[in-house]
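Here are the chains, one letter per residue:
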Amino acid sequence: MLLPNQSVNSNGHLVVGGCDTVALAREYDTPLYVLDEQMVRHNCQQYRQAFAQRLPRSEIAYASKALMTKALCRIMQQEQMALDVASEGELYTALQAGFPAARIKLHGNYKKPALLQMAIENGVGRIVADSLPELALISEVAGELGKQGHILIRITPGIKADTHERIRAGQEDSKFGLGLAGGAAMTATRLALELPNIELHGFHCHIGSQLLHTNGFVRTAAVVMDFISQAGAETGYVAEQFDIGGGLGIRYQEDDVPPTIDHLAEEVCTALKAAADQHNVPLPELILEPGRSIVGEAGVTLYTIGVVKEIPGVRTYVSVDGGLSDNPRPLLYDAEYEAMIANRANQPPDRIVRVAGAHCETDTLFPESNLADPQPGDILAVQSTGAYTYAMASNYNRFTKPAMVLVNDGNAELIVTREGLEDLVRHDVIPQRLI
Ligand SMILES: Cc1ncc(COP(=O)(O)O)c(C=O)c1O
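Every chain's residues receive numbers from 1 upward, in the order its sequence appears when written. Totals for whole chains, interfaces and linings use every residue, but because this is a predicted model, local features are given only for residues with pLDDT of at least 70 and side-chain atom pairs only at 80 or more, for both listing and counting. Hydrogens and waters are ignored; side-chain quantities use all the structure's heavy atoms.

## Thoughts on the site of the ligand
Inclusion rule: The criterion for a residue being near a molecule or strand is simple. One of its heavy atoms has to lie within 4 Å of it. Here a polar contact is taken to be a pair of N or O atoms separated by no more than 3.5 Å, where protein atoms must pair a possible hydrogen donor with a possible acceptor and residues adjacent in sequence count only if both atoms sit in side chains. Only the protein chains shown count as covering a residue, and every accessible area follows the Shrake-Rupley method with a 1.4 Å probe.
Inspection of the region around the ligand gives 14 residues, with Ser209, Gly247, Glu289, Arg292 and Tyr388 positioned closest. Measuring from an oxygen atom of the ligand, one finds a side-chain N or O atom of serine 209 at 2.3 Å. Interatomic distance of 2.8 Å between a backbone N/O atom of arginine 292 and an oxygen atom of the ligand. Protein chains bury 90% of the 390 Å² of accessible surface belonging to the ligand in isolation.

In structure tokens form, the structure reads like this:
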């Protein structure tokens, strides 16, 4: 499977963003994350245009949990995106990159007082309040700082998204948000309107990730607009913003057919306008917070094949020099990917093999991958690895985290350097008595 902006050159090598992946592997070593800048920018532009042309007011906030680096923050800023963060570390990275705090939104079901303080002190644009105690805490922290906490309330719409259960977040039985059914969302609305030092700007919800249909978004739009109308009737509050979350799926495998960004925009905007008309409420500003669909297909991971082990009558194991520590998604979500031999990208695949990682664990990357005669020394390229790979990487087995290069028009630039062995022991302390 070749994705847009990819090709095969006269040496039969896979080319991404104009760069020969085999040359990248040689220069930067493997495992290596490769990120295609033009594809990232194109996706941002698609989102912004598709929604802006259908709605008078909309905002696209990149969900940085999918992939967060300082260089990416710069790209998001240049593309006039807003930014979602969900932790102290993500917020810190964004601020370090000079991202304007007013265009940052802070998420999380458990934000410690220090995180709220950091957000309010720095002038973060929106805090997405996730519980009743958190509303009181935001009010308290803002009061102590002599500032306002600008918030959205996260609603749990009671919608079970059609995706892997570990990336569902909109069903009633969820740690996220305030439910509609039991009245928690309405209680939170009243509380936010009463509490000092809080300015309520509207509502948020996110039903899940890797959604390959638009119906979940359409139902969410209808349910939340219902609530907005009801809250208006009960409290007189007019919602200024409605954040419908992220979640649009991407192509991991040849037969995945995610909705286009344009189709998503058409469906969501139509549903939103219809609901606003039906309830006779003003159309709120629509916010989206896509992560995976901005960076997912823009990423390729390169590995070096080390061992090809045939177990007669059973299967062939192909071991690569990474795995669980640079991409935990196969083990977490049974995620599947397409891979190819990057140095023989023209050769038709002819062998079903199991691709295994190099960790002391059964870290199967791909249970059944169709590859072109994989051999030790070959470079394996794994498609659509831009989202939730580096972001979820670990140092399991004391593997060092790989480098990441940004490719654009034949140029490659490091945006994350490879960890060294010294990084692994940087925080280790030997107490004096053990020396
Ligand atoms: C609150 C919230 N917003 C946005 C996202 C981004 O979702 P995705 O990467 O599927 O677009 C997530 C991810 O799970 C999320 O939890």
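Next comes the rest of the description.
## Comments concerning helix α2 (residues 37–52)
The line we're drawing: A run of H or I in DSSP counts as a helix once it spans at least four residues, and a run of E counts as a strand once it spans at least two, with each numbered from the N terminus. Multiplying 1.5 Å by the helix residue count minus one yields the expected span of that helix. Each residue's exposure class comes from its accessible area (1.4 Å probe, protein chains only) as a fraction of the maximum for that residue type: buried when under 20%, exposed when over 50%, partly exposed otherwise.
In this model α2 runs 23 Å from its N-terminal to its C-terminal C-alpha over 16 residues, within 8% of the 22 Å that 1.5 Å per residue would give. Within the sequence span of α2, burial applies to Glu37, Met39, Val40, Arg41, Asn43, Cys44, Tyr47, Ala50 and Phe51. Its side-chain oxygen 3.1 Å from the backbone nitrogen of glutamine 38, aspartate 36 forms the N-cap of α2.

## As for the pattern of salt bridges
Cut-off, in case you're wondering: Criterion for a salt bridge: a side-chain nitrogen of Lys or Arg within 4 Å of a carboxyl oxygen of Asp or Glu.
Applying the stated rule across the entire model yields 16 salt bridges. Of the charged contacts, one joins arginine 54 and aspartate 262 as a salt bridge, the two residues approaching to 3.2 Å between their closest N and O atoms. Of this pair, arginine 54 sits in the loop between α2 and β5 (58–63) while aspartate 262 sits in helix α9 (residues 261–279), and the two are 208 residues apart along the sequence. Overall, the relative accessible area of 17% leaves arginine 54 in the buried class. Between arginine 126 and glutamate 240 there is a salt bridge, and its shortest N-O distance comes to 3.8 Å. In this pair, arginine 126 is assigned in strand β8 (residues 126–129) and glutamate 240 in the loop between α8 (215–235) and β12 (241–243), connecting sequence segments 114 residues apart. Note on arginine 126: relative accessible area 17%, which makes it buried. Among the ionic contacts, a cluster of salt bridges with common partners joins Asp84, Lys105, Asp243 and Glu289.

## Details of the environment of lysine 105
The line we're drawing: Whether two residues are in contact is decided by their heavy atoms, any of which lying within 4.5 Å being enough.
Structurally, lysine 105 is set in strand β7 (residues 104–106). For lysine 105, a relative accessible area of 3% puts it in the buried group. With near-sequence residues (within four places) excluded, lysine 105 lies in contact with Ala61, Leu83, Asp84, Val85, Arg126, Val128, Leu152, Asp243, Ile287 and Glu289. Polar side-chain contacts of lysine 105 include one of 2.7 Å to the side chain of aspartate 84.

## Describing the sheet that holds strand β1 (residues 6–8)
Keep this limit in mind: Two strands qualify as a pair provided that DSSP identifies no fewer than 2 bridges between them.
With antiparallel pairing, the three strands of this open sheet are ordered in space as β1-β2-β3. Each having just a single partner strand, β1 and β3 (19–20) make up the two edges of the open sheet.

## Brief notes about the nonpolar core
What counts is decided by this rule: Residues belong to one nonpolar core when they are buried, are Ala, Val, Leu, Ile, Met, Phe, Trp, Tyr or Cys, and are joined through side-chain atoms within 4.5 Å. What counts as a domain boundary in this text is fixed by an automatic or database domain assignment.
Grouped together as the largest cluster of nonpolar side chains are 90 residues, with contacts concentrated most on Phe51, Tyr62, Met76, Leu83, Ile151 and Phe242. For this core, the element with the most residues is α9, which contributes nine residues. For this core, the two domains that each supply at least three residues are domain 1 (6–36 + 296–425) and domain 2 (107–290). Every residue in contact with methionine 76, bar those within four places of it in the chain, is listed here: Val40, Cys44, Tyr62, Met81, Leu83, Phe99 and Ile294. Membership of the second largest hydrophobic core comes to 19 residues, among which are Leu24, Leu302, Ala403 and Val407.

## Details of unusual backbone geometry
Across the junction of threonine 30 and proline 31, the peptide omega takes the value -5 degrees, indicating a cis bond. By the secondary structure assignment, proline 31 is in the loop between α1 (21–28) and β4 (32–36). A positive phi angle, close to 75 degrees, is found at asparagine 5, a residue other than glycine. Here asparagine 5 falls in the partly exposed class, since its relative accessible area comes to 37%. Its identity as a non-glycine residue notwithstanding, aspartate 373 has a phi of 40 degrees, on the positive side. Position of aspartate 373 among the secondary structure elements: in the loop between β18 (364–371) and β19 (379–382).

Just geometry here; none of it tells us what the structure is for.
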